[in-house]
Amino acid sequence: MPKIIDHDQRRSDIIDVTWELIVKGGIEAATMREIASAAGFANGALKHYFRSKEDIIEATYERALAMMNEYVSIEGRRGLDALRAMCEAAMPIDEDRILAGRILLTFWHTSLCNPKLHDKYLEHLRAWRGTLHRLIGEGRADGDIVTALPDEQLVDEIVLLNAGANVMSLVGPDFSTVELQRRHLESFFERLTRP
(Lines give C-alpha, C1' and ligand atoms only; values in the text may rest on other atoms or scores of the structure.)
Protein backbone atom coordinates (compact mmCIF):
# COMPACT_ATOMS: atom_id res chain seq x y z
CA MET A 1 0.00 0.00 0.00
CA PRO A 2 1.48 3.39 -0.95
CA LYS A 3 2.43 5.78 1.83
CA ILE A 4 -0.13 8.57 2.31
CA ILE A 5 1.55 11.96 2.47
CA ASP A 6 -0.12 14.89 4.15
CA HIS A 7 0.92 17.71 1.80
CA ASP A 8 -0.40 20.44 4.07
CA GLN A 9 1.62 19.08 6.99
CA ARG A 10 4.75 18.85 4.82
CA ARG A 11 4.25 22.44 3.67
CA SER A 12 3.86 23.48 7.30
CA ASP A 13 7.03 21.58 8.24
CA ILE A 14 8.95 23.35 5.47
CA ILE A 15 7.68 26.71 6.71
CA ASP A 16 8.73 25.75 10.26
CA VAL A 17 12.32 25.07 9.24
CA THR A 18 12.44 28.16 7.05
CA TRP A 19 11.23 30.20 10.04
CA GLU A 20 13.99 28.73 12.22
CA LEU A 21 16.67 29.38 9.59
CA ILE A 22 15.58 33.00 9.22
CA VAL A 23 15.49 33.52 13.00
CA LYS A 24 19.00 32.09 13.38
CA GLY A 25 20.73 33.55 10.33
CA GLY A 26 18.48 35.96 8.48
CA ILE A 27 16.88 35.39 5.12
CA GLU A 28 20.27 34.67 3.57
CA ALA A 29 20.46 31.47 5.66
CA ALA A 30 17.23 30.18 4.15
CA THR A 31 18.72 28.73 0.96
CA MET A 32 16.89 25.93 -0.84
CA ARG A 33 19.69 23.54 0.15
CA GLU A 34 19.48 24.51 3.84
CA ILE A 35 15.69 24.40 3.87
CA ALA A 36 15.66 20.95 2.25
CA SER A 37 18.36 19.64 4.59
CA ALA A 38 16.66 20.97 7.73
CA ALA A 39 13.31 19.54 6.59
CA GLY A 40 14.88 16.15 5.80
CA PHE A 41 14.34 16.33 2.05
CA ALA A 42 16.51 16.09 -1.01
CA ASN A 43 16.93 19.56 -2.54
CA GLY A 44 14.63 18.86 -5.50
CA ALA A 45 11.89 17.37 -3.31
CA LEU A 46 10.80 20.83 -2.14
CA LYS A 47 9.34 21.44 -5.61
CA HIS A 48 6.51 19.02 -4.75
CA TYR A 49 5.34 21.46 -2.09
CA PHE A 50 6.48 24.90 -3.27
CA ARG A 51 7.29 26.07 -6.79
CA SER A 52 10.22 28.24 -5.70
CA LYS A 53 12.16 29.67 -2.79
CA GLU A 54 10.11 32.86 -3.17
CA ASP A 55 6.94 30.83 -2.57
CA ILE A 56 8.46 29.34 0.62
CA ILE A 57 9.52 32.79 1.80
CA GLU A 58 6.08 34.20 1.04
CA ALA A 59 4.38 31.37 2.97
CA THR A 60 6.69 32.01 5.94
CA TYR A 61 5.86 35.71 5.77
CA GLU A 62 2.14 34.90 5.71
CA ARG A 63 2.62 32.78 8.83
CA ALA A 64 4.29 35.72 10.61
CA LEU A 65 1.40 37.99 9.66
CA ALA A 66 -1.15 35.38 10.73
CA MET A 67 0.66 35.01 14.05
CA MET A 68 0.50 38.75 14.63
CA ASN A 69 -3.19 38.77 13.64
CA GLU A 70 -3.90 36.05 16.24
CA TYR A 71 -2.37 38.25 18.93
CA VAL A 72 -4.44 41.26 17.92
CA SER A 73 -7.83 39.56 17.82
CA ILE A 74 -10.46 42.06 19.01
CA GLU A 75 -13.56 39.95 18.57
CA GLY A 76 -16.41 41.18 20.75
CA ARG A 77 -14.75 44.54 21.42
CA ARG A 78 -15.20 47.95 19.90
CA GLY A 79 -13.95 51.52 20.02
CA LEU A 80 -11.37 52.56 22.58
CA ASP A 81 -11.34 49.19 24.33
CA ALA A 82 -10.63 47.33 21.06
CA LEU A 83 -8.08 49.94 19.98
CA ARG A 84 -6.16 49.56 23.25
CA ALA A 85 -6.25 45.76 23.04
CA MET A 86 -5.07 45.82 19.44
CA CYS A 87 -2.18 48.18 20.16
CA GLU A 88 -1.02 46.26 23.22
CA ALA A 89 -1.23 42.93 21.41
CA ALA A 90 0.93 44.17 18.53
CA MET A 91 3.77 45.23 20.83
CA PRO A 92 6.85 42.98 21.20
CA ILE A 93 6.26 42.12 24.85
CA ASP A 94 7.12 38.41 24.88
CA GLU A 95 9.46 35.99 23.13
CA ASP A 96 6.93 34.83 20.50
CA ARG A 97 6.06 38.40 19.46
CA ILE A 98 9.71 39.40 19.39
CA LEU A 99 10.42 36.43 17.09
CA ALA A 100 7.46 37.32 14.89
CA GLY A 101 8.79 40.90 14.77
CA ARG A 102 12.21 39.56 13.77
CA ILE A 103 10.68 37.62 10.91
CA LEU A 104 8.62 40.65 9.84
CA LEU A 105 11.68 42.92 9.95
CA THR A 106 13.49 40.47 7.67
CA PHE A 107 10.55 40.52 5.29
CA TRP A 108 10.28 44.30 5.34
CA HIS A 109 13.87 44.40 4.13
CA THR A 110 13.27 41.71 1.52
CA SER A 111 10.10 43.39 0.28
CA LEU A 112 12.16 46.39 -0.86
CA CYS A 113 13.35 44.33 -3.82
CA ASN A 114 10.51 41.81 -4.08
CA PRO A 115 7.36 43.42 -5.50
CA LYS A 116 5.15 40.46 -4.55
CA LEU A 117 6.14 40.64 -0.87
CA HIS A 118 5.95 44.43 -0.97
CA ASP A 119 2.39 44.29 -2.29
CA LYS A 120 1.46 41.70 0.33
CA TYR A 121 2.81 43.91 3.12
CA LEU A 122 1.00 46.97 1.74
CA GLU A 123 -2.23 44.93 1.67
CA HIS A 124 -1.67 44.04 5.34
CA LEU A 125 -0.83 47.67 6.20
CA ARG A 126 -3.95 49.01 4.47
CA ALA A 127 -6.16 46.51 6.31
CA TRP A 128 -4.51 47.36 9.65
CA ARG A 129 -4.91 51.09 9.07
CA GLY A 130 -8.53 50.56 8.01
CA THR A 131 -9.26 48.72 11.25
CA LEU A 132 -7.57 51.47 13.27
CA HIS A 133 -9.68 54.13 11.52
CA ARG A 134 -12.85 52.13 12.24
CA LEU A 135 -12.01 51.68 15.92
CA ILE A 136 -11.14 55.35 16.36
CA GLY A 137 -14.45 56.27 14.71
CA GLU A 138 -16.30 53.95 17.09
CA GLY A 139 -14.43 55.44 20.05
CA ARG A 140 -15.46 58.93 18.97
CA ALA A 141 -19.09 57.84 18.45
CA ASP A 142 -19.10 56.26 21.93
CA GLY A 143 -17.72 59.50 23.45
CA ASP A 144 -14.53 57.79 24.69
CA ILE A 145 -12.13 59.42 22.21
CA VAL A 146 -12.44 63.19 22.45
CA THR A 147 -9.08 64.50 21.24
CA ALA A 148 -9.21 67.13 18.51
CA LEU A 149 -6.30 65.44 16.71
CA PRO A 150 -7.36 64.13 13.29
CA ASP A 151 -7.96 60.40 12.91
CA GLU A 152 -5.27 60.07 10.23
CA GLN A 153 -2.65 61.45 12.63
CA LEU A 154 -3.76 59.03 15.35
CA VAL A 155 -3.52 56.09 12.94
CA ASP A 156 -0.04 57.23 11.86
CA GLU A 157 1.07 57.45 15.51
CA ILE A 158 -0.18 53.95 16.29
CA VAL A 159 1.51 52.42 13.24
CA LEU A 160 4.78 54.20 13.96
CA LEU A 161 4.64 53.35 17.66
CA ASN A 162 4.03 49.65 16.98
CA ALA A 163 6.47 49.32 14.08
CA GLY A 164 9.13 51.32 15.91
CA ALA A 165 8.76 49.20 19.05
CA ASN A 166 9.19 46.03 16.98
CA VAL A 167 12.33 47.33 15.30
CA MET A 168 13.84 48.69 18.51
CA SER A 169 13.14 45.48 20.45
CA LEU A 170 15.52 43.80 17.98
CA VAL A 171 18.19 46.39 17.26
CA GLY A 172 18.22 48.31 20.57
CA PRO A 173 16.41 46.29 23.24
CA ASP A 174 18.01 48.33 26.05
CA PHE A 175 16.24 51.40 24.65
CA SER A 176 12.87 49.71 24.16
CA THR A 177 11.93 47.74 27.24
CA VAL A 178 8.44 46.35 27.75
CA GLU A 179 7.91 48.91 30.52
CA LEU A 180 8.93 51.79 28.23
CA GLN A 181 6.63 50.49 25.47
CA ARG A 182 3.74 50.35 27.92
CA ARG A 183 4.44 53.92 29.10
CA HIS A 184 4.41 55.21 25.51
CA LEU A 185 1.11 53.45 24.85
CA GLU A 186 -0.39 54.78 28.08
CA SER A 187 0.67 58.32 27.17
CA PHE A 188 -0.90 57.92 23.74
CA PHE A 189 -4.19 56.67 25.18
CA GLU A 190 -4.31 59.42 27.78
CA ARG A 191 -4.12 61.98 24.96
CA LEU A 192 -7.07 60.33 23.20
CA THR A 193 -9.36 60.97 26.17
CA ARG A 194 -8.46 64.66 26.57
CA PRO A 195 -9.96 67.41 24.39
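Here is what the cut-offs are and how they apply
Residues numbered from 1 in each chain as written. Predicted model: local features only at pLDDT ≥ 70, side-chain atom pairs only at ≥ 80, totals over all residues. Heavy atoms only, no water. Helix = DSSP H or I, 4+ residues; strand = E, 2+ residues; numbered from the N terminus. Buried < 20%, exposed > 50% of the residue type's maximum accessible area, 1.4 Å probe, protein only. Contact = heavy atoms within 4.5 Å. Areas by Shrake-Rupley, 256 points an atom, 1.4 Å probe, with all protein chains shown as cover. Lys, Arg positive; Asp, Glu negative; His and termini not counted. Charge placed at Lys NZ, Arg CZ, Asp CG, Glu CD. UniProt positions renumbered as here; feature names shortened; annotations may be inferred. Phe/Tyr/Trp six-rings, centres within 6.5 Å; stacked < 30°, edge-to-face > 60°. Lys NZ or Arg CZ within 6 Å of the ring centre and 35° of its normal. Expected span 1.5 Å × (residues − 1). Domains from an automatic or database assignment. Buried area = accessible area lost by both parts, 1.4 Å probe. Salt bridge = Lys/Arg side-chain N within 4 Å of Asp/Glu carboxyl O. Polar contact = N/O pair within 3.5 Å; in protein donor to acceptor, adjacent residues only side chain to side chain.

Student: When you look at the overall build of the chain in this model, what are you seeing that I'm missing?
Tutor: When you go through the chain residue by residue, the secondary structure sums to eight helices and zero strands. Projected onto its principal axes, the C-alpha positions of the chain cover 70 × 40 × 30 Å. Sorting the 195 residues of the chain into buried and exposed places 42% on the buried side. Look at the contacts in the chain between residues 6 or more apart in sequence, and 68% of them connect residues 24 or more apart. Carbon together with sulfur atoms contributes 54% to the accessible area of the chain, which is approximately 10,800 Å² in total. Charge-centre separation for the chain: the mean point of 24 positive side chains lies 3 Å from the mean point of 31 negative side chains.

Student: Which parts of the structure should I look at to understand the UniProt feature "domain: HTH tetR-type" (unreviewed entry) in the chain?
Tutor: Feature annotation in UniProt assigns "domain: HTH tetR-type" (unreviewed entry) to the following positions: residues 8–68. For residues 8–68, the helix share is 69%, the strand share is 0%, and the end-to-end C-alpha distance is 21 Å.

Student: Hey, could you run me through the packing of aromatic side chains in this one?
Tutor: The description of an aromatic ring pair rests on the distance of the ring centres and on the angle between the ring planes. The tally for this structure, following the rule as stated, stands at four aromatic pairs. Considering the side-chain rings of Tyr61 and Phe107, the 4.7 Å spacing of their centres and the 50 degrees angle between planes classify their relative orientation as tilted. Pair noted here: Tyr61 is in helix H3 (residues 53–71) and Phe107 is in helix H5 (residues 95–111), with a separation of 46 residues, a long-range link. For the residue pair Tyr61 and Phe107, the accessibility class agrees, reading buried in each case. The ring centre of Phe50 lies 4.1 Å from the NZ or CZ of Arg11, which sits over that ring.

Student: It is not clear to me how H5 should be interpreted in this structure. Could you clarify?
Tutor: Since one α-helical turn is 3.6 residues long, residues separated by three or four positions face the same way. Here H5 spans 24 Å end to end across 17 residues, near enough to the 24 Å set by a 1.5 Å rise per residue. Among the residues of H5, those classed as buried are Arg97, Ala100, Gly101, Ile103, Leu104, Thr106, Phe107, Thr110 and Ser111. Looking at the packing, one finds that the buried side of H5 touches helix H1 (7–25), H3, helix H4 (79–89), helix H6 (115–141) and helix H7 (151–171).

Student: Just checking my understanding: could you explain the domain arrangement of the chain for this structure?
Tutor: Frequently, the measure chosen for interface size is the accessible area that the parts lose on association. Here the chain is partitioned into domain 1 (1–51) and domain 2 (54–193). Computed over C-alpha atoms, the centres of domain 1 and domain 2 are 29 Å apart. Contact residues are listed per partner, giving 15 residues for domain 1 and 15 residues for domain 2. Between domain 1 and domain 2 lies a buried interface of about 1,400 Å² when both sides are counted; carbon and sulfur atoms form 74% of it. Summed over the three residues of domain 1 that lose the most area to domain 2, namely Trp19, Val23 and Ile27, the buried surface amounts to 45% of that side. At the surface where domain 1 touches domain 2, the tally comes to two salt bridges. Of the charged contacts, one joins Arg51 and Asp55 as a salt bridge, the two residues approaching to 3.3 Å between their closest N and O atoms. In this assembly, domain 1 and domain 2 are joined by four residue pairs in polar contact (both at pLDDT 80 or more). Here the side of domain 1 that touches domain 2 gets eight residues from one element, more than from any other, and that element is H1.

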